[in-house]
Amino acid sequence: MSEHSRDIVIAGGGMVGVSLALCLRQQLGPRAKLLLIEGFPLPAQDPDFHKAYSPSFDARSTALSYSSCLIYRELGLWDELSKRACPIEKIHVSEKGSFGSTLMRCDDYHWPALGYVIENAWLGNVLIQALHRAAIETLSPARVVAADNSASRVKIALESGEQREADLLVVADGANSGLRASLGVAVSQQSYRQQALIANVGHAQPHRGVAYERFTKAGPLAMLPLPNDETGTDHSALVWSLAEVEAEQLLHASQEDFLAALQQRFGYRLGRLQRLGERHSYPLALMEADEQVRSGVVIMGNAAHSLHPVAGQGFNLALRDVARLGSVLCQACAAGDSPGDLAVLQQYHSLQVADQKMTTRFSDQLPGLFAHGDPALGLMRDIGLAALDISPTLKKEFVRYTSGVAASVGYRNVQP
């Protein structure tokens, strides 16, 4: 075995790649050699980073489902993550111009929350500091540009010209993965012909831990409760899906015009909308890799599947993939199998594919269902939302699936 051999190399040091490294270290222990390679410089080790951390009104955020919180709890990270996480105690789903709506409460399931919203900066810092504490080897900045899995071990080429080897290469370098393309893995892509507008919005009334999912004919609109910023202002994270032309107009509109348009679509559930943070946008498309596993290679995160942001399923699905892969590799290594064996990776995919298909289908079809203008279909939507609100059994199953609990791997009975 050469000096540069590693059992598992993870290409991509974003939240999915780092979460996987931490999961594998916990599951496999020191017997597995891990190397995480990231194209951008990773923050240095700083045990006191939390003392200097200052929340910002403009901070981007991620909605963690209940199952994701359970996974991070199992990894020993939830106590620290929860210090800057806002619990989602209720989820209110409605359609503009219709009578149908439903309200989901965490108390109905004896959960502390249905999920949590956490600033990306805090989540990323906690993960990176845990990576340092776990003494997982990192190579940063560096980039994997090619790989050859035709031999018993995967040969990995870095942009610098260095060569590495591994039993398993994990491709987790994002939706536009150059490494995935270099491996000849095709993708299926469908544009929604929409943009997602992202911004934080201050409002007159407190959010009280309520997340709103508002469906309009132009596209879904989500307002997610955020922890208070440095000024103590109550604000929420906006994720607004719109046709490309309207999204472009609102991206460059004045704050007053933007808030007026948002107020008209969202209503006054949070009182008057008063403040607007930095605006960002990105095109919406469903992307799925045609292959996720090969001998010695597994593709994960946005490199494997990139979803519509409705209901915030993308990162949470990826984290369940992480937990499933960690569980399968742990069993395989205990049995003496290589983590890169094709049979092992196919087992992972066969166990996780149902969750992936269900979550992808849900995220893909839900916006279109509410965008359809047919009056009969609109009445059926209203009846469906009303039925969901009055049927505890139906609502419980809906919450179990959207929270990821129904598909979780070994974390169902853990309380965060």
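Nothing here was measured: the structure is a model prediction, and the numbers come from that model.

Description of unusual backbone geometry
When glycine is set aside, most residues are seen to have a negative phi, and most peptide bonds are trans.
Then, in step 1: Residue proline 141 is bonded to the preceding serine 140 through a cis peptide linkage, with omega at -5 degrees.
Then, in step 2: Tracing the chain through its elements places proline 141 in the loop between β8 (137-139) and β9 (144-148).
Then, in step 3: The backbone phi angle of arginine 193 is positive, close to 55 degrees, even though this residue is not glycine.
Then, in step 4: The topology assignment puts arginine 193 in strand β12 (residues 187-203).
Then, in step 5: Non-glycine residue arginine 208 carries a positive phi angle of around 55 degrees.
Then, in step 6: Within the fold, arginine 208 resides in the loop between β12 and β13 (210-216).

Section: the state of the cysteines
Then, in step 1: As enumerated under the stated definition, the model contains zero disulfides in all.
Then, in step 2: Its sulfur unpaired, cysteine 330 is 7.5 Å from the next cysteine sulfur, which belongs to cysteine 333.

Things to note about helix α9 (residues 314-334)
Then, in step 1: If you check α9, its first and last C-alpha atoms are 31 Å apart, about what 21 residues at 1.5 Å a residue would give, namely 30 Å.
Then, in step 2: For α9, the buried fraction is high: 17 of the 21 residues fall into the buried class.
Then, in step 3: Taken from the residues just after α9, glycine 336 is the one with a positive phi, measuring 90 degrees.

Some thoughts on the pattern of salt bridges
A pair can form between side chains of opposite charge whenever their charged atoms are brought close.
Then, in step 1: On inspection of all chains with the given rule, the structure shows 10 salt bridges.
Then, in step 2: The closest approach of N and O atoms between arginine 84 and glutamate 119, which form a salt bridge, is 3.7 Å. Within this pair, whereas arginine 84 is found in the loop between α4 (78-81) and β4 (85-88), its partner glutamate 119 is found in strand β7 (residues 115-119), the two being separated by 35 residues in sequence. Each member of the pair, arginine 84 as well as glutamate 119, is classed as buried.

Description of the sheet that holds strand β3 (residues 61-65)
Then, in step 1: Pairing is antiparallel across the open sheet formed by three strands, whose spatial order is β3-β7-β4. A strand with exactly one partner marks an edge of an open sheet, and here the two such strands are β3 and β4. Strand-to-strand, the axes of this sheet are offset by a mean angle of 25 degrees, without reference to chain direction.
Then, in step 2: The sheet contact formed by β4 and β7 spans four bridges and is antiparallel.

Observations regarding the pairing of strand β11 (residues 163-171)
The two faces of the sheet receive side chains in turn, since in a regular strand these alternate between them.
Then, in step 1: Burial within β11 is extensive, with seven of its nine residues counted as buried.
Then, in step 2: With four bridges connecting them, strand β10 (residues 154-158) and β11 associate as antiparallel partners. Bridge pairing in β11 links lysine 155 to glutamate 165.
Then, in step 3: The turn joining β10 and β11, which pair antiparallel and follow one another in sequence, is formed by four residues; a positive phi near 100 degrees is taken by glycine 161.
Then, in step 4: Sheet topology note: the β11/strand β19 (residues 297-299) ladder contains three bridges and is parallel. Considered in β19, the bridge of leucine 169 is made with valine 297.

What to know about the packing of helix α3 (residues 66-74) against α9
Then, in step 1: Running from N to C, α3 and α9 point in directions that differ by 40 degrees, and their axes come no closer than 9 Å. Taken as axis vectors, α3 and α9 run oblique relative to one another. Relative to α9, the crossing made by α3 is left-handed. In this structure, α3 uses Ser67, Ser68, Ile71 and Tyr72 to contact α9, whose residues at the interface are Phe315, Asn316, Leu319, Arg320 and Ala323.
Then, in step 2: Counted by class, the contact of α3 with α9 contains five nonpolar, three polar and one charged residues.

Procedures and definitions
- Residues numbered from 1 in each chain as written.
- Predicted model: local features only at pLDDT ≥ 70, side-chain atom pairs only at ≥ 80, totals over all residues.
- Heavy atoms only, no water.
- Helix = DSSP H or I, 4+ residues; strand = E, 2+ residues; numbered from the N terminus.
- Disulfide = S-S within 2.5 Å.
- Expected span 1.5 Å × (residues − 1).
- Buried < 20%, exposed > 50% of the residue type's maximum accessible area, 1.4 Å probe, protein only.
- Salt bridge = Lys/Arg side-chain N within 4 Å of Asp/Glu carboxyl O.
- Pairing = 2+ DSSP bridges.
- Axes fitted to C-alpha atoms, helices over the stretch in contact; angles between N-to-C directions.
- Parallel < 35°, antiparallel > 145°, perpendicular 65-115°, else oblique.
- Left-handed = near helix turned anticlockwise from the far one by under 90°.
- Contact = heavy atoms within 4.5 Å.
- Nonpolar A, V, L, I, M, F, W, Y, C, P; charged D, E, K, R; others polar.

By themselves these figures say nothing about function.
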